[in-house]
Amino acid sequence: MKPPTKPFALCIDNADYEASLIRGKVYRILSDPRAAKDDLVRIIDESGEDYLFHKSHFVFVDFPQVMRKKLLALESAP
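Heads up: these notes are all about the structure in this document. (Residues numbered from 1 in each chain as written. Predicted model: local features only at pLDDT ≥ 70, side-chain atom pairs only at ≥ 80, totals over all residues. Heavy atoms only, no water.)

1. Examining the side chain of histidine 57
Cut-off, in case you're wondering: Helix and strand labels come from DSSP, where a helix needs a run of H or I of at least four residues and a strand needs a run of E of at least two; each type is numbered from the N terminus. Whether two residues touch is decided by their heavy atoms; if any such pair falls within 4.5 Å, the residues are in contact.
Note on placement: histidine 57 falls in the loop between strand S4 (50–54) and strand S5 (58–61). Excluding its chain neighbours within four sequence positions, the residues that come into contact with histidine 57 are Leu10, Cys11, Ile12, Asp13, Asn14, Ala15 and Tyr17.

If you want it as structure tokens, here you go:
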């Protein structure tokens, strides 16, 4: 599998990861081509740290530039 080209992932399944992922929430993807070979995606989860999750937990999405900037700004907000 090649790495996702979309910068965000919408969680559709948080089974076994209830503390780390919220269904229906959009998460930022960090590029990790090596993990992608094993169908994994590196996500910044609820802890604020990045972890690997199987791609089946997500639908990959993109947004218009204005929305992307707003989503990324949320990460640095207190």
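2. Things to note about the pattern of salt bridges
If charged atoms from side chains of opposite charge come close, those side chains can pair. Put simply, the rule reads: Here, a salt bridge means any side-chain nitrogen of Lys or Arg that lies within 4 Å of a carboxyl oxygen of Asp or Glu.
Counting across every chain of the model gives 5 salt bridges. One connected set of salt bridges, linked through shared partners, spans Asp32, Arg42 and Asp50.

3. Points about unusual backbone geometry
Put simply, the rule is: Residue burial is assigned from relative accessible area. The probe radius is 1.4 Å, only protein chains are included, and a residue is buried under 20% of its type maximum, exposed over 50%, and partly exposed in between.
If you check the backbone angles, aspartate 16 has positive phi at about 75° while not being a glycine. Within the fold, aspartate 16 resides in the loop between strand S1 (8–11) and strand S2 (26–30). Looking at aspartate 16, the relative accessible area reads 71%, which means it is exposed. The phi torsion at aspartate 39 lies on the positive side, around 60°, for a residue other than glycine. Structurally, aspartate 39 is set in the loop between helix H1 (33–36) and strand S3 (40–44).

4. Re the side chain of aspartate 45
To be explicit about the condition: By the counting scheme adopted, Arg and Lys are positive, Glu and Asp are negative, and His together with the chain ends is not counted. Any N or O atom pair separated by 3.5 Å or less is treated as a polar contact, with the protein-specific requirement of one donor-capable and one acceptor-capable atom, and with residues adjacent in sequence counted only for side-chain atom pairs.
Tracing the sequence through the fold places aspartate 45 in the loop between S3 and S4. No salt bridge forms around the buried aspartate 45; measuring N to O, its nearest opposite-charge neighbour lysine 25 is 8.9 Å away. Reaching out from aspartate 45, the side chain makes a polar contact with the side chain of serine 47 at a distance of 2.6 Å. In this structure aspartate 45 touches Ser20, Leu21, Tyr27, Tyr51 and Phe53, once residues within four positions along its chain are discounted.

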